Amino acid sequence: MKLVTAVIKPHKWEEVREALETFGVTGMTVSEVSGYGRQKGHTEVYRGAEYDIALVPKIRIEIIVDDTDADDVVGVIVTGAHTGRIGDGKVWVVPVEGVVRVRTGDRDEAAL
Amino acid sequence: MVNTGDTAWVLTSAALVLLMTPGLALFYGGMVRSKSVLNMMMMSFGALALISVLWVIYGYSIAFGDDLGGGLIGDPSQFFGLKGMMADVTTEAGGLPPMAFVAFQCVFAIITVALISGAIADRAKFGTWMLFAGIWATVVYFPIAHWVFDFSTDTHVGGWVANNLLAIDFAGGTAVHINAGAAGLALALVLGKRKGFGREAMRPHNLPLVMIGAGLLWFGWFGFNAGSALAANNTAAVAFMNTIVATAAASLGWLVTEKIRDGHATSLGAASGVVAGLVAITPACSALSPVGSIILGAVAGVLCALAVGLKYKFGYDDSLDVVGVHLVGGLVGTIGVGFLATAAAPAAVDGLFYGGGVDQLWRQAVGALVIMVVSFVATYVIGTVLEKTVGFRIDEEDEVAGIDLAVHAETGYDLHSTAGARSSGNPALADSGRAMNERKGTA
């Protein structure tokens with residue numbers, strides 16, 4: 001099993017979710033996060049005082065999938081989140097040792 | 001027999017002006033960071049709680065008692081505890097019940113004190129703020145209200161600005177705004193800069209609150225200005241219209257200034273321009289034409305938008321721009337009367353631009369400057385004494401962590417519904433705590 005984590009632009013989130021659903025992903029964990037990469041932050045002005053705001057709002061998606069699905073899920077996210085402009089985000093995959101479904105006690109692949 | 005129309009309007013106006021202080025709390029509260037929103041609002045609510053009580057005990061008497069000499073201070077014993085003020089002394093010809101005037105002036109004292117708090121956001125001990133509020137009202141505001149608002153009659157001697165200098169200050173450009181603005185500057189200097197001032201982003205945490213606050217201030221300000229006619233009459237109506245249009249022009253002026261300078265017209269700019277315009281028209285609303293009010297408002301909007309940057313240049317942390325908005329706006333309005341007053345308006349005086357020469361102008365300038373200097377010096381002394389004795393600033397650690405939690409044991413927003421339990425001992429939590437300790441072998 002693999003954990004796919006993606007950090008994407010907030011306005012692409014709806015598209016990515018629909019694409020994942022179409023692909024057959026049945027669940028995910030989503031959080032509103034902030035951070036920066038090469039995009040850096042942005043500037044805000046309050047009563048003439050300029051502030052450099054380092055952190056940019058992003059959406060983080062976490063999905064646990066079968067080994068065989070991992071590459072395809074990554075592909076779906078990348079296609080959905082792509083704008084070609086700086087700040088599009090990142091997707092990464094790490095191995096998962098075990099999973100338990102809390103309600104039934106099912107383990108590993110059966111719990112996905 | 002009371003004049004029912006006048007009485008109804010003045011009582012309504014007093015309620016409107018009272019609402020300005022909670023409105024100010026929202027205006028200020030939205031501008032600070034989320035970790036200090038409650039303390040910011042509490043400084044306004046603290047003024048509401050304290051100043052009304054002082055006003056009844058001796059404040060009204062210092063402001064409106066018979067002059068003790070030189071037009072400087074009223075007799076504190078004359079109306080001590082508002083004695084004798086409950087009797088209906090209105091005559092056949094009509095009139096205003098004394099207590100309506102007492103109430104109307106009471107709410108002015110409250111908001112003047114509350115205005116100062118914007119200069120010392122995030123860092124003042126609440127107890128010391130309350131001490132300061134009481135001392136400042138007693139030593140500075142009540143006497144200056146006597147100077148400006150206490151008009152002499154056949155049987156009564158009032159203050160020097162109103163009766164000897166004859167400066168026009170219809171609703172408190174000097175007594176309220178220049179006074180609070182100069183006091184804010186003095187306190188900002190006494191308390192010093194916030195940690196990280198000028199380096200860290202001290203962004204407003206909730207601009208919708210700021211805009212609601214500005215809206216409530218504008219609404220309440222109709223009581224402040226039009227209510228100062230103390231009658232439901234023509235003067236009130238002129239003041240009312242001028243309060244609409246000068247404010248609108250100032251908001252426009254601020255927005256255009258920042259669009260040119262910074263590239264964006266901001267919501268904070270719109271709200272700040274509203275307040276700058278309200279401040280400027282306060283002394284002038286009975287003396288200007290509506291077109292004169294547009295000019296005054298626009299000038300105030302532009303100048304205040306430029307003035308709020310001065311604190312970075314000179315390195316004082318007037319956190320929410322009490323100086324840039326209230327002192328500068330108050331000066332623009334008070335001195336602006338000397339230029340823009342027209343005899344066609346209810347105050348019936350011509351300023352420089354209407355052929356009246358400099359006679360009114362110098363009176364306006366003297367009133368404005370004397371009150372600015374007196375307020376600054378007196379506030380600096382009061383603030384310094386408090387800082388050296390009981391201490392005015394909170395610990396640096398508390399300031400960084402957030403004054404709300406440190407001083408009030410509260411936080412403004414609960415954004416994490418899972419955080420925390422009643423400290424009286426939730427049994428489930430206590431159990432899991434024991435289990436954890438057993439596992440770690442620390443039980």
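These figures come from a predicted structure and were not determined experimentally. (Residues numbered from 1 in each chain as written. Chains lettered and ligands numbered in written order. Predicted model: local features only at pLDDT ≥ 70, side-chain atom pairs only at ≥ 80, totals over all residues.)

Counting its secondary structure elements, chain B contains 16 helices and zero strands. Relative to the 2.2 N^0.38 estimate, which gives 22 Å for 443 residues, the radius of gyration of chain B is 23 Å and therefore close to what a compact globule would have. With respect to the three principal axes, the spread of C-alpha positions in chain B is 90 × 55 × 40 Å. In chain B, which comprises 443 residues, the proportion classed as buried is 54%. Sequence separation of at least 24 residues holds for 76% of the intrachain contacts in chain B that already meet a minimum separation of 6. (Helix = DSSP H or I, 4+ residues; strand = E, 2+ residues; numbered from the N terminus. Rg over C-alpha atoms; globule rule 2.2 N^0.38 Å. Buried ≥ 20, exposed ≤ 12 C-beta atoms within 10 Å, placed from the backbone. Contact = placed C-beta atoms within 7 Å.)

One non-glycine residue, A:Arg47, lies in positive phi territory at about 50°. Even without glycine at this site, B:Asp321 takes up a positive phi of about 65°. Residue class for B:Asp321 comes out buried when judged on the 25 C-beta atoms lying within 10 Å of it.

All names here are of chain B. Where helix H2 (residues 37–64) contacts helix H4 (residues 126–149), the two axes come as close as 9 Å, and the packing angle between them is 45°. In terms of orientation, H2 lies oblique with respect to H4. For the crossing formed where H2 meets H4, the hand is right-handed. Contacts between H2 and H4 involve Asn-39, Met-42, Met-43, Gly-46, Ala-47, Leu-50, Ile-51, Leu-54, Gly-59, Ile-62, Ala-63 and Phe-64 from the first element and Phe-126, Trp-129, Met-130, Ala-133, Gly-134, Ala-137, Thr-138, Phe-142, Pro-143, Ala-145, His-146 and Phe-149 from the second. A breakdown of the residues in the contact of H2 with H4 according to their chemical character gives 18 nonpolar, six polar and no charged. (Axes fitted to C-alpha atoms, helices over the stretch in contact; angles between N-to-C directions. Parallel < 35°, antiparallel > 145°, perpendicular 65-115°, else oblique. Left-handed = near helix turned anticlockwise from the far one by under 90°. Nonpolar A, V, L, I, M, F, W, Y, C, P; charged D, E, K, R; others polar.)

The next subject is the sheet that holds strand S5 (residues 56–65) of chain A. Residues and elements named next belong to chain A. Strand order across the open sheet formed by four strands is S2-S5-S1-S6, with antiparallel pairing between neighbours. At either margin of the open sheet sits one strand with a lone partner, and together these are strand S2 (29–35) and strand S6 (89–95). Each adjacent strand pair in this sheet contributes to an overall mean axis angle of 20°, direction not counted. For strand S1 (residues 2–8) and S5, the ladder comprises seven bridges, and the chain directions are antiparallel. Directly across from Ala-6, in S5, lies its bridge partner Ile-61. (Pairing = 2+ DSSP bridges.)

All names here are of chain B. Where helix H9 (residues 267–284) meets helix H12 (residues 322–340), the closest approach of the two axes is 7 Å, and the angle between their N-to-C directions is 35°. As H9 packs across H12, the resulting crossing turns out to be right-handed. Residues Ser-272, Val-275, Ala-276, Val-279, Ala-280, Ile-281, Thr-282, Pro-283 and Ala-284 of H9 form the contact with H12, whose participating residues are Val-325, His-326, Gly-329, Gly-330, Val-332, Gly-333, Thr-334, Gly-336 and Val-337. The residue inventory of the contact of H9 with H12, partitioned by class, reads 10 nonpolar, eight polar and no charged.

A word on the nonpolar core. Counting residues in each nonpolar core, the largest one holds 147 residues, and the members touching the most others are B:Ala109, B:Val113, B:Leu217, B:Ala280, B:Ala287 and B:Cys304. For this core, the element with the most residues is H2(B), which contributes 15 residues. When sequence neighbours within four positions are dropped, the list of residues in contact with B:Ala287 reads B:Ile168, B:Phe170, B:Val337, B:Ala341, B:Ala345, B:Ala347 and B:Val349. Counting 14 residues, the second-largest nonpolar core is a separate cluster that includes A:Leu20, A:Val25, A:Ile63 and A:Val76. (Core = buried A, V, L, I, M, F, W, Y, C linked by C-beta atoms within 7 Å.)

With that settled, consider the pairing of strand S4 (residues 49–53) of chain A. Residues and elements named next belong to chain A. In this sheet, S4 lies alongside strand S3 (residues 42–46) in antiparallel orientation, the contact comprising five bridges. Counted as the bridge partner of Thr-43 is Asp-52 from S4. In sequence, S3 turns back onto S4 through a hairpin of two residues, with Arg-47 there showing a positive phi of about 50°.

Moving on, we come to the pairing of S1(A). Judged from the seven bridges that link them, S1(A) and S6(A) form a sheet pairing that is antiparallel. Among the inter-strand pairings, A:Leu3 is bridged to a residue of S6(A), identified as A:Val94.

Residues and elements named next belong to chain B. Relative to the helices and strands, Phe-108 resides in helix H3 (residues 98–116). In the structure, Phe-108 is positioned 253 residues away from Leu-361 in sequence and 25 Å away in space, judged by C-alpha atoms. If we ignore the near neighbours within four places in the chain, the residues touching Phe-108 are Val-17, Gly-172 and Val-176.

Moving on: the confidence of the model for chain B. Residues at a pLDDT of 70 or more form 93% of chain B, whose mean pLDDT is 94. Here the prediction assigns the complex a pTM of 0.87, and the interface score ipTM is 0.74. (pLDDT = per-residue confidence, 0-100.)

This paragraph deals with the interface of chain A and chain B. Taken together, the eight residues of chain A in the interface contact 14 residues of chain B. Residue assignment for the side of chain A that touches chain B shows that the elements contributing at least two residues are S3 and S4 of chain A. Classifying every residue of the side of chain A that touches chain B gives five nonpolar, one polar and two charged.

Our next topic: helix H7 (residues 207–226) of chain B. Taking 1.5 Å per residue, 20 residues should reach 28 Å; H7(B) reaches 28 Å between its end C-alpha atoms and fits that length. Roughly 30° is the biggest bend found in H7(B), and it falls at B:Gly220. (Expected span 1.5 Å × (residues − 1). Bend = angle between axes of the 7 residues up to and from the residue.)

This brings us to the environment of B:Val10. All names here are of chain B. Along the polypeptide, Val-10 turns up in helix H1 (residues 4–31). In this structure the C-alpha to C-alpha distance between Val-10 and Ala-237, which are 227 residues apart in sequence, comes to 13 Å. Setting aside anything within four residues of it in sequence, one finds Val-10 in contact with Leu-96, Ala-100, Phe-104, Gly-227 and Leu-230.

Now for helix H10 (residues 290–307) of chain B. In this model H10(B) runs 25 Å from its N-terminal to its C-terminal C-alpha over 18 residues, within 8% of the 26 Å that 1.5 Å per residue would give. Of all 18 residues in H10(B), 14 are buried, a share of seventy percent or more.

Once that is clear, we can look at the environment of B:Met372. Structurally, B:Met372 can be placed in helix H13 (residues 359–389). Considering only alpha carbons, one finds B:Met372 and B:Thr174, 198 residues apart in sequence, at a separation of 7.8 Å.

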